[in-house]
Amino acid sequence: MRNKMSSAQNSIPLRIGIAGLGTVGTGTLALLEQHAPLLASRAGRSLVVNGVSARQRQRVRGVAIERYRWFDDPLAMANDPEIDVVVELIGGSEGVAKALVEKALSLGKPVVTANKALLALSGTALAELAERHETSLRCEAAVAGGIPIIKGLREGLAANRITAVYGILNGTSNFILSQMRQTRQSFAHVLEEAQRAGYAEADPSFDIDGIDAAHKLTLLASVAFGVPVDFHTVHVEGIRHIAPLDIDFAEELGYRIKLLAIARHGPHGIERRVHPSMIPHSATLANVEGVFNAVYVEGDFCDRMTFIGRGAGGGPTASAVVADLVDLARGYYCPLFGEPVAVLTSSSPVAGIERRFGEYYLRLMVSDRPGVIADIGAAMRDHDVSIEKLSQHGRGAGPYNAVPVVLTTHAQGEPAMRQALKAISALPAVLEPPCLIRIEAL
Ligand SMILES: NC(=O)c1ccc[n+]([C@@H]2O[C@H](COP(=O)([O-])OP(=O)(O)OC[C@H]3O[C@@H](n4cnc5c(N)ncnc54)[C@H](OP(=O)(O)O)[C@@H]3O)[C@@H](O)[C@H]2O)c1
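Here the structure is a predicted model, which is why all the values come from computation and not from measurement.

A. Structural context of the overall build of the chain. For the chain, the count of helices and strands is 15 helices and 19 strands. Relative to the 2.2 N^0.38 estimate, which gives 22 Å for 442 residues, the radius of gyration of the chain is 24 Å and therefore close to what a compact globule would have. If you line up the chain on its principal axes, its C-alpha atoms span 85 × 45 × 35 Å. Within the chain, the proportion of its 442 residues that are buried is 54%. With the model as given, the accessible surface of the chain reaches about 18600 Å², and the carbon-plus-sulfur share is 51%.

B. How the structure looks around the site of the ligand. In the neighbourhood of the ligand, 22 residues make up the surrounding shell, with Leu21, Gln56, Arg59, Arg61 and Gly313 lying closest. A distance of 3.1 Å is found between an oxygen atom of the ligand and a backbone nitrogen or oxygen belonging to Gly22. Arg59 is positioned such that a nitrogen or oxygen atom in its side chain is 2.8 Å from an oxygen atom of the ligand. If the ligand stood free it would expose 890 Å²; the protein chains cover 78% of that surface. Tallied by class, residues from the shell around the ligand come to 10 nonpolar, 8 polar and 4 charged.

C. Looking closely at the pairing of strand E17 (residues 402-409). Summarising burial for E17: 7 of the 8 residues are buried, a large majority. The pairing of strand E15 (residues 357-367) with E17 spans 7 bridges and is antiparallel. Bridging from a neighbouring strand, Leu364 pairs with Val405 of E17. With 5 bridges connecting them, strand E16 (residues 387-392) and E17 associate as antiparallel partners. Among the inter-strand pairings, Gln392 is bridged to a residue of E17, identified as Val405.

D. Highlighting the environment of Ala441. Inspection of the secondary structure assignment puts Ala441 in the segment after strand E19 (435-439). As a C-alpha pair, Ala441 and Met278 span 163 residues in sequence and 8.7 Å in three-dimensional space.

E. Region of interest: the packing of helix H8 (residues 171-183) against helix H12 (residues 244-253). Where H8 contacts H12, the two axes come as close as 9 Å, and the packing angle between them is 75°. Taken together, the axes of H8 and H12 are roughly perpendicular relative to one another. Here H8 contributes Leu177, Met180 and Arg181 to the contact with H12, which in turn contributes Pro244, Ile247 and Glu251. Partitioned by chemical class, the residues of the contact of H8 with H12 number 4 nonpolar, no polar and 2 charged.

F. Region of the structure containing the nonpolar core. Ranked by size, the top nonpolar core spans 79 residues in total, and within it Leu137, Val143, Ile149, Leu153, Leu169, Ile176 and Leu220 carry the most contacts. Counting residues per element, this core draws most heavily on helix H11 (residues 211-225), which supplies 9 residues. With sequence-adjacent residues up to four places away left out, Leu169 is seen in contact with Val143, Ala144, Asp212, Ala213, Lys216, Leu217, Leu220, Ala261, Asn293, Ala294 and Val295. One finds Val24, Leu32, Val322 and Ala329 within the second-largest nonpolar core, a separate group that totals 31 residues.

G. Expanded view of the state of the cysteines. One pass over the structure, following the stated rule, counts 0 disulfides. The thiol sulfur of Cys139 is not disulfide-bonded, and the nearest other cysteine sulfur, from Cys334, lies at 10 Å. Cys302 takes part in no disulfide bond, and the closest cysteine sulfur, belonging to Cys334, lies 17 Å away.

H. Seen up close, the side chain of Gln412. Along the polypeptide, Gln412 turns up in strand E18 (residues 412-413). Here Ser386 takes part through its backbone nitrogen, which lies 3.3 Å from a polar atom of the side chain of Gln412. Looking at Gln412, its side chain comes within polar contact range of the main-chain oxygen of His410, at 3.1 Å. Among all residues touching Gln412, those that are not within four sequence positions of it are Arg356, Phe357, Gly358, Tyr360, Asp384, Val385, Ser386 and Met417.

I. Just the packing of aromatic side chains, in detail. In total, this model carries 2 aromatic pairs according to the counting rule given. Ring geometry for Tyr166 against Tyr296: centres 5.8 Å apart, planes inclined by 65°, an arrangement best described as edge-to-face. In this pair, Tyr166 sits in strand E8 (residues 162-168) while Tyr296 sits in strand E12 (residues 292-299), placing the two residues 130 residues apart along the sequence. As far as burial versus exposure is concerned, Tyr166 and Tyr296 are alike and both buried. For the pair Phe175 and Tyr199, a centre-to-centre distance of 4.6 Å together with 55° between the ring planes defines the contact as tilted. Taken as a pair, Phe175 in helix H8 and Tyr199 in the loop between helix H9 (187-197) and helix H10 (205-208) lie far apart in primary sequence, 24 residues in all.

J. View of the pattern of salt bridges. Under the criterion given, the structure shown has 31 salt bridges. As a salt-bridge pair, Asp246 and Arg363 come within 2.8 Å of each other at their nearest N and O atoms. Separated by 117 residues along the polypeptide, Asp246 in helix H12 and Arg363 in strand E15 bring together distant segments of the chain. Sharing partners across several salt bridges, the network here consists of Arg138, Lys151, Arg154, Glu155, Asp324, Asp327 and Arg330.

K. Focus on the sheet that holds strand E4 (residues 70-71). Ordered in space as E4-E3-E2-E5-E6-E7, the 6 strands form an open sheet in which the pairing is parallel. The strands lining the two open edges of the sheet, one partner per strand, are E4 and strand E7 (137-138). Of the pairings in the sheet, the one linking strand E3 (residues 47-53) to E4 comprises 2 bridges and is parallel in character. For Ser53, the partnering residue across the bridge sits in E4 and is Phe71. Where helix H2 (residues 23-34) meets the sheet, it contacts strand E2 (14-19) and E3, and its direction lies at approximately 155° from that of E2. Across the sheet, helix H5 (residues 95-106) touches E2, strand E5 (85-88), strand E6 (111-113) and E7, and the angle it forms with E5 is around 165°.

Criteria and cut-off values
- What you see as residue numbers is a count from 1 along each chain, following the sequence as written.
- Restriction of local features to residues with pLDDT of at least 70 applies here, the model being predicted, together with a cutoff of 80 or more for giving and counting side-chain atom pairs; totals for whole chains, interfaces and linings are based on all residues.
- Side-chain calculation: all heavy atoms of the structure are included, whereas hydrogens and water are not.
- The way it works is that DSSP assigns letters per residue, a run of H or I at least four long becomes a helix, a run of E at least two long becomes a strand, and they are numbered from the N terminus.
- C-alpha atoms define the radius of gyration in this analysis, and the globule rule sets the expected value at 2.2 Å times the number of residues to the power 0.38.
- Throughout, exposure labels follow a simple rule: accessible area from a 1.4 Å probe, protein chains only, divided by the maximum for the residue type, with under 20% read as buried, over 50% as exposed, and the rest as partly exposed.
- Accessible areas in this description were obtained via Shrake-Rupley with a 1.4 Å probe; residue shielding takes into account the shown protein chains only.
- When at least one non-hydrogen atom of a residue lies within 4 Å of a molecule or strand, that residue is treated as near it.
- Definition of a polar contact: a pair of N or O atoms within 3.5 Å, with one able to donate and the other able to accept a hydrogen when the atoms are protein atoms, and with sequence-neighbouring residues admitted only if both atoms are side-chain atoms.
- The residue classification treats Ala, Val, Leu, Ile, Met, Phe, Trp, Tyr, Cys and Pro as nonpolar and Asp, Glu, Lys and Arg as charged. All others, Gly included, are polar.
- At least two DSSP bridges between two strands are required for those strands to pair.
- All axes are obtained by fitting lines to C-alpha atoms, using only the stretch in contact for helices, and the reported angles, taken between N-to-C directions, cover 0 to 180 degrees.
- Throughout this description, any angle smaller than 35 degrees is read as roughly parallel, any larger than 145 degrees as roughly antiparallel, any in the 65 to 115 degree range as roughly perpendicular, and the remainder as oblique.
- The contact rule is simple, with two residues in contact once any of their heavy atoms fall within 4.5 Å.
- We call a set of buried residues a nonpolar core when its members are Ala, Val, Leu, Ile, Met, Phe, Trp, Tyr or Cys and they connect through side-chain atoms within 4.5 Å of each other.
- In plain terms, two cysteine sulfur atoms within 2.5 Å form what is called a disulfide here.
- In this scheme Phe, Tyr and Trp rings, the latter by its six-membered ring, pair at centre separations within 6.5 Å, and the angle between planes marks the pair as stacked below 30 degrees, edge-to-face above 60, and tilted otherwise.
- One speaks of a salt bridge when a side-chain nitrogen belonging to Lys or Arg is within 4 Å of a carboxyl oxygen belonging to Asp or Glu.

As structure tokens, then:
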């Protein structure tokens, strides 16, 4: 990190333009106002909002925006000579958010953004644009809200080779899984409850299908391993298929189910995957509940550590946005991913999900009749999958005489497990698509 600020700059305010006045934008305005003297003292100069932009000027926002210069067009705000830094809080991987970031960086103006979707897809090109114009692109708020994980990895742990990062990066999914465990209600019921409480969007697919976590994982992997963003190589599965039954069985087996985002530097290359995982009760991540986020990191000199905090909401996310602004006001400079784009290792091989080696949980609904367990055992044997535990729970009920059968396996490769799963799914006695959950040794 180098200091680019001259002593003359030290006394003049940093003039900020904020585009997007929703949850994060209004939170950022409130924080900048409430902590103005503290921030000025920490940054060595005042942080002044000198322009705002959103779609609807008349909208009631809970913060007074009349005192700020209004721009209908956020790109015009970026172009304004009295704006030194642009804060992009609009969202979306394309459209106005992308155009705004590109415009500001091309003008040599630093950008602070919370936009993980944009950076997961275009982060390398935007980081390169920032470098070409000798300016900064910062994104602490894009991953895990108020947790300073980008800074933690990039600066605090800069001395280490990072070997693994495991994150609970989506508060909505974590809230749903926690509620399902506590209330024994179905996924659909708890999702509705989360939507009523404001923890889930009307269209929750980005959150519950793992895409939001995959965006954030993409950024963490780039910072942790010094590689370009590579969203399209992330294996993504969501939590829609998890039943209360699986949560109960996980508890009985000594595990808890979490939507984990995993980036590992393994022998075959870099693994990037997001999927429901069973982790031991004793793991710190197992006890991160509700809307909280957490990131567990392994490094060669620092060993292991876990960051826990609020991953969303106006206050925590504004805290991260303003931390980036304070760094800019102080004149700190650091490349987006900790190393200049030209130095990022684009040759690191990708270890796809087929490279995973580990244990598995499988839950089947089968018709309760003789020979079924033997057929399941034979399918596993035929594909070289070794069963650790297998149990049938209760006696059959309902029109199909359905009964759950649960098994866990010893550690083995993903391809063998998938082939065994295909064979088991085709058995006439298997009544529903099986539920497969990977067990992670944390
Ligand atoms: N919400 C969180 O907790 C959270 C946490 C971490 C990161 N983030 C990220 O932060 C960003 C903002 O999220 P948010 O939750 O604050 O979103 P939001 O509440 O939906 O607010 C979006 C804002 O962008 C404005 N906007 C939309 N299109 C625009 C356009 N064409 N020109 C100018 N302004 C436009 C909207 O204007 P109007 O108000 O006039 O409609 C609104 O003020 C996203 O990238 C999101 O992924 C959010």
